[in-house]
Structure formats: C-alpha cells, structure tokens
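A look at the structure
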Amino acid sequence: MGWSSYLSRQLSERRDTSLWRQRQVNQKSDGRFLYTNDGRYLNFSSNDYLGLSTNPAVISAWQQGAEQYGVGSGGSGHITGYTKAHQLLEQQLADWLDYPKALLFISGYSANQGVIAALMTKQDRIIADRLSHASLMEAAIHSPAQLWRFLHNQPESLTDLLARPCIGKTLVVTEGVFSMDGDCAPLADIYQQTRISGNWLMVDDAHGIGICGEQGRGSCWQQKVKPEILIVTFGKAFGLSGAAVLCDEQTAEYLIQYSRHLIYSTSMPPAQAQAISEAVRQIQSGDELRQRLQQNINDFRRQAQKLPFNLTDSTTAIQPLIVGNNELSMSLSQYLQQKGIWVKAIRPPTVPPGSARLRITLTASHTQQDIDMLMEALYEFRS
Ligand SMILES: Cc1ncc(COP(=O)(O)O)c(C=O)c1O
C-alpha cells in the first residue's frame, strides 16, 4: 500500500468513528476566559487551576529572565543549556518537596518518557494503574520492560500482580490526581504494597501539585507518602510548562548519565526556569487561591448533583460529566459553545470506550456567577 492510500484510509476511519479531532486558532486564554476570533467564552477547559499563567509577578520574572539570559537556552543541559536559573529552580523544588534532588525536563511527557526509558530493562516490569496518563502508558509500552495494569485505584489488584514472580526490577506507576477523572489515588496503600514487595513507586502528580496538600506540595505530601520517583509538571497549576523529576542523589546521577531526553534535547529557556521559580513562590503562599478553587469545586458539585449525567468521585479541580456516547458529548460541547461556554468533549481513545465526557475544570479565577451560568446551560440542554 502506498503512503497516500495508507493515510487516506486511516483518516476516513477516524471520521467514520466520530473520533475526528480538530485544533482551532485562539487569540489567548487564561483560567477564566478563552478569546477566539468569534468572541470571548467562559473557559471550563483550562488546567491553569490557580490562574498563574497571567500572574504579573510570574510574567515579570520571565521578562527579567529574558533580559538577563536571552530567550533560549542554546543547547542541552549537558552542553551549554544549564544555567544558574535552572540550578536554583532545581534546588528550590528539592527543598520545597523535601527530596535530595530535582531534575528539570522540558515537559511532563518528556519526563515520563525520559525516566521510564532510562530505568527499565528487558527483565523488568512496570505495574501501572490502568487509567494512567497516555505519557506514562506510552513510555511503558515503548520501554523494554513488560507492562501490567492494575485495576483503577484498587491496591488489592496491585497486590495480586506484585505477588507474581519477576526476575528483574518492578516499578509501580500511578498518577496522584487522575487527569480524566479527577479522583485521587490511594497513595498510602499503593506505597505500602510497593514497599512490602521491595519495589519502587513512581507518581505523576501533574494535577495534584500546587493544589493538594500543605502549601500546595501535592498529593504525595497530602497522603504522607514519599515515592522514590515523583514527577511534577508546570503546565497546570503553575501556569507555565515543563516538568521536574524528584528523586534521590543516585537516581538523579543515573538519569543525568542515561536519560536521553535530558542529554539530547534543548533544555528549557532560563527565563522560563526563573518564571517557574516565581510560580513556586506564588503557590507556596497561595492558600487564598486554593480556598477560592475549593469553593468553586464545592459549588459546582452541589449544583451538578441534579444533572442527568454521572459525576466521578473527584474532589479536585477536574470535574468530568460522564456522558457515555461520543456524539452526545460532542453535541453537548457544541451547545455550550453556542451559549458562550467552552468545555471540550473528551472521547476514546483518550478515555475508555463508552465513557465520553465533558472534562470540566474549575479554577480559582472562576466566579460564582460563572458556575451558575454553566449550570443553567447544562440544565437547559435537551439532546
Ligand atoms: C497526568 C499527566 N502527566 C503528564 C502530562 C504531560 O505533561 P506536559 O503537558 O507537561 O507534557 C499530562 C498532561 O496533560 C498529564 O495530565
């Protein structure tokens, strides 16, 4: 089969199964509004949970960084791209989260790939929560290790798998807050099972860091668990992008030697590292923002009980409405758009078949009126 017929067949398959994805050019967005060429929408699809993407102190830190360092890092951290700004941020993260070391990556996707690819060998196995983010699953699938999946948030299922023999090392993998369901992993139980069996735990806390726990230190801190590998990302509550791996000295040194994503990729701009440092400070003193977010979550959940869609067990900023049917989720999303509200439908394969949903995210920037407006529109919807 030629290239063109292969591509054309794959594309028509996508169209036929209502899985067609489209990007659209937006003017800008923040934790509350999305500005498109058609006008302004209330934004309930943003991961900018604390509104830090437009925080003046964070913007100013980036500007000062750009003045001082220029706008790019000029190379991988192993060549010229590791500056004082990177080093200070790594130290700040390690101190804040109480780990010996932090290593910066350019994205959460890259961190998950870079860590798993470097650590795992053919004899090893990864046992991951079956709803773990695509970046974790893909890293596991592409690694030489075997991938086993335990039932979502069920430590007993993990225990059963851990009891089976493996000649190599085992890495247990989960998220802190699940990106598509918003529910929290029972990290204390998972960690205990992992430790009893002499293995390591890796937690991707992309959606918990900044939001959960004292000073926003995340899901692990909140549940008094210190996994051997903690991934935090800066594209959500920090309002920026990038990621860090928190670990012990030996693991950090190993990753510096073996993680190809660190060695062969241009490091994040130093100005960005400086902006992330400021975002960490905002998060540390951000109790008021977290309280506002919590009020919005409570308000949404109270009102959403009356809707004809299922909520998940989430107590976090991610509050999906499970619609089930792909077409219905799309028409609900389009209907809301006509009402000036932006909520994207999430369909398989991003979520399991039959669980298409509106992934509603709440932020500290939303007002009570914003939530009332969303609820009114949802009550009025008739399929
Ligand atoms: C749980 C989780 N891990 C990793 C990522 C990837 O992070 P990044 O956007 O920084 O690549 C995401 C992003 O959506 C995520 O939700």
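These numbers come from a predicted model, not from an experiment.

Conventions we followed
- Residues numbered from 1 in each chain as written.
- Predicted model: local features only at pLDDT ≥ 70, side-chain atom pairs only at ≥ 80, totals over all residues.
- Heavy atoms only, no water.
- Core = buried A, V, L, I, M, F, W, Y, C linked by side-chain atoms within 4.5 Å.
- Buried < 20%, exposed > 50% of the residue type's maximum accessible area, 1.4 Å probe, protein only.
- Domains from an automatic or database assignment.
- Contact = heavy atoms within 4.5 Å.
- UniProt positions renumbered as here; feature names shortened; annotations may be inferred.
- Helix = DSSP H or I, 4+ residues; strand = E, 2+ residues; numbered from the N terminus.
- Pairing = 2+ DSSP bridges.
- Axes fitted to C-alpha atoms, helices over the stretch in contact; angles between N-to-C directions.
- Buried area = accessible area lost by both parts, 1.4 Å probe.
- Salt bridge = Lys/Arg side-chain N within 4 Å of Asp/Glu carboxyl O.
- Polar contact = N/O pair within 3.5 Å; in protein donor to acceptor, adjacent residues only side chain to side chain.
- Nonpolar A, V, L, I, M, F, W, Y, C, P; charged D, E, K, R; others polar.

1. With respect to the nonpolar core
If you look at the biggest cluster of nonpolar residues, it comprises 79 residues, and the most contacted ones within it are Phe238, Phe300, Ile360 and Leu378. Both domains that meet at this core, namely domain 1 (26-53 + 286-380) and domain 2 (73-268), each give it at least three residues. If we skip the residues at most four places from it in the chain, Phe300 touches Leu311, Gln319, Leu321, Ile360, Leu362, Ile371, Leu374 and Met375. Residues Ala111, Leu119, Ile231 and Leu255 belong to the second largest nonpolar core, which totals 26 residues.

2. Some details on the UniProt feature "modified residue: N6-(pyridoxal phosphate)lysine" (unreviewed entry) in the chain
In the numbering used here, UniProt assigns the "modified residue: N6-(pyridoxal phosphate)lysine" (unreviewed entry) feature to Lys236. With respect to the helices, strands and loops of the structure, Lys236 is situated in the loop between strand E9 (229-233) and strand E10 (243-247). Ignoring sequence-local partners within four residues, the contact set of Lys236 consists of Asn47, Asp48, Tyr49, Ala206 and His207.

3. Topic: the sheet that holds strand E6 (residues 146-150)
Here we have seven strands laid out as an open sheet, ordered E4-E10-E9-E8-E7-E5-E6, and mixed in their pairing. Lying at the two open borders of the sheet, with one neighbouring strand each, are strand E4 (101-105) and E6. The sheet shows a mean angle of 20° between the axes of neighbouring strands, direction not considered. Relative to strand E7 (residues 170-175), strand E5 (residues 125-129) runs parallel, the two being bridged by four bridges. Paired with Ala128 across the two strands is Val173, which belongs to E7.

4. With respect to the domain arrangement of the chain
The assigned domain composition of the chain is domain 1 (26-53 + 286-380) and domain 2 (73-268). Between domain 1 and domain 2, the C-alpha centre-to-centre distance is 27 Å. A buried area of about 1,500 Å², summed over both sides, lies between domain 1 and domain 2, and 61% of it is on carbon and sulfur atoms. Its salt-bridge partner being Arg357, residue Asp181 comes within 3.2 Å of it at the nearest N-O pair. At the junction of domain 1 with domain 2, the criterion picks out eight residue pairs in polar contact (both at pLDDT 80 or more). Counting residues per element, the ones that place at least two in the side of domain 1 that touches domain 2 are helix H12 (287-304), strand E12 (318-324) and strand E15 (356-361). Grouping the constituent residues of the side of domain 1 that touches domain 2 by class yields nine nonpolar, seven polar and five charged.

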